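The residues making up each chain are set out below.
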Number of protein chains: 2
Amino acid sequence: MNRYELITRNLQEVIGRDELKSLIKSKKKISLYWGTMPTGSPHFAYFLPLLKIRDFLKAKVNVKILIADLHAALNGIPWEILEKRQAYYEALFPEMLKALGVSTKQLEFVKGSKLQLNPKYFEDVLKMSMQATTKDTTKAASEVVKITETPKLGNLVYPIMQALDEEHLKVDIQFGGLDQRKILVFAREFLPKINYKPRIELMNPMMSGLTGEKMSASVPSSKIDILDDEETVARKVKKADFPPKDTNCGIMQWLKYIIFPILDKKSLKIERDKKFGGNLSIKSYDELEDIVKTGKVHPLDIKIAVAREINNLLSKVQSPKLTKLHKAAYLV
Amino acid sequence: MNRYELITRNLQEVIGRDELKSLIKSKKKISLYWGTMPTGSPHFAYFLPLLKIRDFLKAKVNVKILIADLHAALNGIPWEILEKRQAYYEALFPEMLKALGVSTKQLEFVKGSKLQLNPKYFEDVLKMSMQATTKDTTKAASEVVKITETPKLGNLVYPIMQALDEEHLKVDIQFGGLDQRKILVFAREFLPKINYKPRIELMNPMMSGLTGEKMSASVPSSKIDILDDEETVARKVKKADFPPKDTNCGIMQWLKYIIFPILDKKSLKIERDKKFGGNLSIKSYDELEDIVKTGKVHPLDIKIAVAREINNLLSKVQSPKLTKLHKAAYLV
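Just so we're clear, the structure is a prediction, and the values are computed from it rather than from any experiment.

The rules behind these values
- Residue indices begin from 1 for each chain and proceed along its sequence in written order.
- Whichever chain is written first becomes A and whichever ligand is written first becomes 1, with later ones labelled in order.
- Per-residue local features of the predicted model are confined to residues with pLDDT of at least 70, and side-chain atom pairs are confined, for both listing and counting, to 80 or more; whole-chain, interface and lining totals are unaffected and use all residues.
- Only runs of H or I of at least four residues qualify as helices and only runs of E of at least two qualify as strands under DSSP, and these elements are numbered from the N terminus.
- Values of the radius of gyration come from C-alpha atoms, whereas the globule rule sets the reference at 2.2 Å times the count of residues to the power 0.38.
- In this scheme the burial state of a residue depends on its C-beta neighbours within 10 Å: 20 or more other such atoms mean buried, 12 or fewer mean exposed, and anything in between means partly exposed; the C-beta positions come from the backbone.
- Contacts here follow a simple rule: the backbone-placed C-beta atoms of the two residues must lie within 7 Å.
- Least-squares superposition of the copies uses the C-alpha atoms of those residues scoring a pLDDT of at least 70 in each of them.
- Residues are grouped as follows: Ala, Val, Leu, Ile, Met, Phe, Trp, Tyr, Cys and Pro are nonpolar; Asp, Glu, Lys and Arg are charged; every other residue, Gly included, is polar.
- At least two bridges found by DSSP between two strands are what make those strands a pair.
- Orienting the strands away from the viewer, one traces the path from the first strand over the helix to the second; a clockwise path indicates a right-handed crossover.
- Residue-level confidence of the predictor is what pLDDT reports, using numbers from 0 through 100.
- Only the contacting stretch of a helix is used when fitting its axis, a line to C-alpha atoms as for every element, and angles between N-to-C directions run 0 to 180 degrees.
- Note that the domain bounds were set by an automatic or database domain assignment.
- Orientation categories follow fixed angle ranges, with anything under 35 degrees roughly parallel, anything over 145 roughly antiparallel, 65 to 115 roughly perpendicular, and all other angles oblique.
- Less than a right angle of anticlockwise turn of the near helix away from the far helix marks a crossing as left-handed, whereas a clockwise turn marks it as right-handed.
- Starting at the helix axis, one direction is taken to each C-beta atom, and the arc is that of these directions.

Novice: Is there a simple way to explain the overall build of chain A in this structure?
Specialist: Within chain A, the secondary structure is distributed over 15 helices and eight strands. On C-alpha atoms alone, chain A measures out to a radius of gyration of 21 Å, which is about the 20 Å that the 2.2 N^0.38 rule sets for 332 residues. Each principal axis of the C-alpha distribution contributes one length, and for chain A these read about 70 × 50 × 35 Å. Here chain A, with 332 residues, has 44% of them falling under the buried criterion. Taking the intrachain contacts of chain A between residues at least 6 apart in sequence as the baseline, contacts between residues at least 24 apart amount to 74%.

Structure below.
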């Protein structure tokens, strides 16, 4: 697989394909950032962008992970607890990456406030804020920032700062989930208005939660927290929506986008009593999809395998240290 | 006249009268700032706040004059010409103050961007922007910031920064024109929301222009530029609205608020031909008002005296250096 394929595989959308091709052709160092706000407690779906980061690293892309504390504040996290959320995220992501076989020495972690609280950055915020109307920024922020009736002014500063991060992190590419689309498009449009070059924008697909909708911190049963214990994982997965033959449910998406990529070349083992057909060893997601479509495997058997794989992965991440940091950050 | 009277005389409004009284009683150093945006070319009415600054200095108040370049940018002045506007304002105000007998050694000039472009200030902008909605800031900015159909986001950052200037300049009092009222009230309300103390707000009355409305850079005949030559001053004053017996026109306001205070104890001389009653020597604005009400003096004779006094004052300010800086700032 060539660099271009490695960088773009499984993405939902690429803005600036030709720019990316030229960049690869130029043989210059390529750098990319992924930003994450230290808001809610990260859940299983966070492995999705990290798997993609593994691809970027394989493609010899310099990766920066921005833990965007100020963005969390602009999205409503009270200033007093930012530090603790930040501390948890900073400790957690390296462990999640290690569990995926990624050495954290290969990438750089950047704390948002450290990057952003400087005179030049602030000046750029003001400059861009004279280019963008409240309408532009409201639209850009709409899918990411929690905005009540009347937005707080800071909610609308959010997309401006995300755009400027591309410039101030000195990267060629921003990577994010498809929910970031409006902000990434905003960045493409508004960076050039203050004489900075527009960046390439890469977007990951969004995954469904266990109970249908997008995973959400406010619907605990829809997501599996990285620190959930074995039993909780088994219970949540067991309760998940999985209509027979439905290859589009959350569980199947998790298998497709996270579990099979993590298994890599290994097979997924589905254990069944002999009277129900005995164990299955499934080599690829496509193979599983075909079987599910026939209805020849019971969703519960798949769920049990999924819970086992999730627990296997989480056990590599969890630690007393993380539990302690999590408590400090969330159980206030 | 005691300190409280000196500080508050001729003001239109004082927010925090009791706080001001306690502050004076405490015998602590009192500090105050007046901010001015380097936007349009300053005109004669700018002597009004400077006269008030003279009062503050007489009352042993530490005065800071903020030349708020970033605020000018947030009000639509293109970034490229900010420096030149700033340079003109910085050179002009000391000369205007000297013409009023104020030594500039008694006060401190502060450049907005120098005060504001720092990490702590930016952090405070973000903090306050999470307290204030777009509605709050739109309302606060409405009388000062030029807002077209949809505001630029920067237009709404403006009042936040004006509020924060009170804290970051470490002053007890902000002084401004009555047009600043909504921003000053906003500052009172929002500084405490990020744990800063509210400041005392002092407001000067607004003066009418020569042609009735508020003086405006966009209506050249309504105002006299500080660099207008003698002939231009005479022509503009001659053309000014001054209905017989009207003691409320722009000319009378200028006499009341600027010319008589500058004359101090000296009389205003109105020259007339003997056949029209001969010269008049008027000791106070009140005396003039009484005469005007009777209609016994022709507006034109008053105008001639006013033009002479204005030219007399402006001649103390004008210089080739200022002309050069003005050209660089405005004739681009």
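Novice: Sorry, what's going on with the relation of the copies chain B and chain A here?
Specialist: For these two chains of identical sequence, chain B goes onto chain A by a turn of 180 degrees and a shift of 0.0 Å along the axis, with RMSD 0.0 Å. Here the two chains are linked by the operation of a two-fold rotation axis. Interface overlap between copies: 100% of the residues of chain B at the interface are likewise at the interface in chain A, consistent with a symmetric, same-surface contact.

Novice: Is there a simple way to explain the interface of chain B and chain A in this structure?
Specialist: Interfaces are often sized by the accessible area lost when the parts come together. Of the residues lining the interface, 26 residues belong to chain B; the matching set on chain A comes to 26 residues. Sorting elements by how many residues they give to the side of chain B that touches chain A places helix α7 (residues 119-129) of chain B first, with six residues. Of the residues that constitute the side of chain B that touches chain A, the class distribution is 15 nonpolar, seven polar and four charged.

Novice: How do you make sense of the environment of F56(A) when you look at a structure like this?
Specialist: Residue and element names in this part refer to chain A. Structurally, F56 can be placed in helix α3 (residues 47-58). C-beta crowding within 10 Å serves as the criterion here: with 23 such atoms nearby, F56 is assigned to the buried category. Here F56 is in contact with I7, L32, V61 and V63, once residues within four sequence places are set aside.

Novice: Help me understand the pairing of strand β6 (residues 200-204) of chain B, please; the structure alone is not making it clear to me.
Specialist: Sheet faces and side chains relate simply in a regular strand, where the side chains alternate between the two faces. Residues and elements named next belong to chain B. Burial analysis of β6 places four of its five residues in the buried class, which makes it a mostly covered element. Where strand β1 (residues 13-15) lies against β6, three bridges are found, and the strand directions are antiparallel. Along β6, the bridge assignment pairs V14 with L202. In the sheet, strand β5 (residues 173-177) pairs with β6 via five bridges, with the strands oriented parallel. Bridging across to β6, Q174 finds its partner in E201. In this fold, the crossover linking β5 to β6 by way of helix α10 (residues 181-190) has right-handed handedness.

Novice: Even after reading the chapter, I still don't get the confidence of the model for chain A, so can you show me in this structure?
Specialist: Segments scoring low in pLDDT should not have their predicted coordinates read at a detailed level. On average, residues of chain A carry a pLDDT of 94, and 98% of them reach 70 or more. Interface confidence in the predicted complex, given as ipTM, is 0.94; pTM for the same model is 0.94.

Novice: I keep staring at unusual backbone geometry and nothing clicks. Help me out?
Specialist: Negative phi is the rule for most residues except glycine; trans is the rule for most peptide bonds. The phi angle at K245(A) is positive, at roughly 65 degrees, despite the residue not being glycine. As for its position among the elements, K245(A) is in the loop between α11 (230-239) and α12 (250-263). A positive phi is found at K60(B), a non-glycine position, where the angle reads about 60 degrees. Take K60(B): it is sitting in the loop between α3 (47-58) and β3 (61-67).

Novice: Please clarify how the sheet that holds strand β4 (residues 107-111) of chain B should be interpreted in this entry.
Specialist: Note on sheets: strands pair through backbone hydrogen bonds, and any given pair is parallel or antiparallel. All names here are of chain B. Sheet architecture is open: six strands sit in the order β1-β6-β5-β2-β3-β4, paired in mixed fashion. Strand pairing shows two members of the sheet lacking a second neighbour, β1 and β4, which therefore form its edges. Within this sheet the neighbouring strands show an average axis-to-axis angle of 20 degrees, counted without direction. Those strands touched by α3 are β2 (30-36), β3, β4, β5 and β6, and its axis lies near 150 degrees from that of β3. Relative to β6, α10 is tilted by about 175 degrees, and along the sheet it contacts β1, β5 and β6.

Novice: Help me out: how do you make sense of the sheet that holds strand β5 (residues 173-177) of chain A in this one?
Specialist: Residue and element names in this part refer to chain A. The strand order across the open sheet formed by six strands is β1-β6-β5-β2-β3-β4, and the pairing between neighbours is mixed. Strands with a single pairing partner mark the edges of an open sheet, and in this sheet they are β1 (13-15) and β4 (107-111). For this sheet, the mean inter-axis angle between neighbouring strands, taken without regard to orientation, is 20 degrees. Sitting on the sheet, helix α5 (residues 79-99) touches β2 (30-36), β3 (61-67) and β4, and the angle it makes with β3 is about 150 degrees.

Novice: Is there a simple way to explain the domain arrangement of chain A in this structure?
Specialist: Residue and element names in this part refer to chain A. The domains assigned to chain A are domain 1 (3-204) and domain 2 (220-330). The distance between the C-alpha centroids of domain 1 and domain 2 comes to 29 Å. Listed by partner, the interface residues are 19 residues for domain 1 and 19 residues for domain 2. Secondary-structure elements contributing two or more residues to the side of domain 1 that touches domain 2 are α3 and α5. Of the residues assigned to the side of domain 1 that touches domain 2, the class counts are 14 nonpolar, two polar and three charged.

Novice: Before we go on, may I ask you to explain the packing of helix α5 (residues 79-99) of chain B against helix α14 (residues 299-317) of chain B in this structure?
Specialist: In helix packing, the relevant descriptors are the interaxial angle and the interaxial distance, both defined with respect to the helix axes. Residues and elements named next belong to chain B. Where α5 contacts α14, the axes come no closer than 8 Å and their chain directions differ by 130 degrees. Considering the angle they form, α5 stands oblique to α14. The interaxial crossing formed by α5 with α14 has right-handed handedness. Packed against α5, whose contacting residues are E95, M96 and A99, the element α14 presents L313, K316 and V317 at the interface. Residues belonging to the contact of α5 with α14 are distributed by class as follows: four nonpolar, no polar and two charged.

Novice: Teacher, can you tell me more about helix α8 (residues 134-141) of chain A here?
Specialist: Three or four residues apart is the spacing at which side chains of an α-helix point the same way, because the helix has 3.6 residues per turn. Those residues of α8(A) that sit buried are T134(A), T137(A), A140(A) and A141(A). One side of α8(A) carries all its buried residues, which in axial view fall inside an arc of 130 degrees. Of the surrounding secondary structure, the elements contacted by the buried residues of α8(A) are α9 (153-168) and α10 (181-190) of chain A together with α8 (134-141) and α9 (153-168) of chain B.

Novice: Which parts of the structure should I look at to understand helix α7 (residues 119-129) of chain A?
Specialist: Residues F122(A), D124(A), V125(A), L126(A), K127(A), M128(A) and S129(A) constitute the buried set of α7(A). The elements touched by buried residues of α7(A) are α9 and α10 of chain A together with α4 (69-74), α5, α7 and α9 of chain B.

Novice: Just checking my understanding: could you explain the environment of K269(A) for this structure?
Specialist: Residue and element names in this part refer to chain A. When you line up the elements, K269 lands in strand β7 (residues 268-270). With 13 C-beta atoms packed within 10 Å, K269 lands in the partly exposed category. In the structure, K269 is positioned 246 residues away from L23 in sequence and 41 Å away in space, judged by C-alpha atoms. When residues no more than four places from it in sequence are discounted, the contact partners of K269 are N279, S281 and A305.

Novice: Any chance you could explain the environment of F47(A) here in plain terms?
Specialist: Residues and elements named next belong to chain A. Mapping F47 onto the fold places it in helix α3. Judged by the 27 C-beta atoms lying within 10 Å of it, F47 is buried. Residues F47 and P244, 197 residues apart in the sequence, show an inter-C-alpha distance of 26 Å. Setting aside anything within four residues of it in sequence, one finds F47 in contact with M96 and I258.

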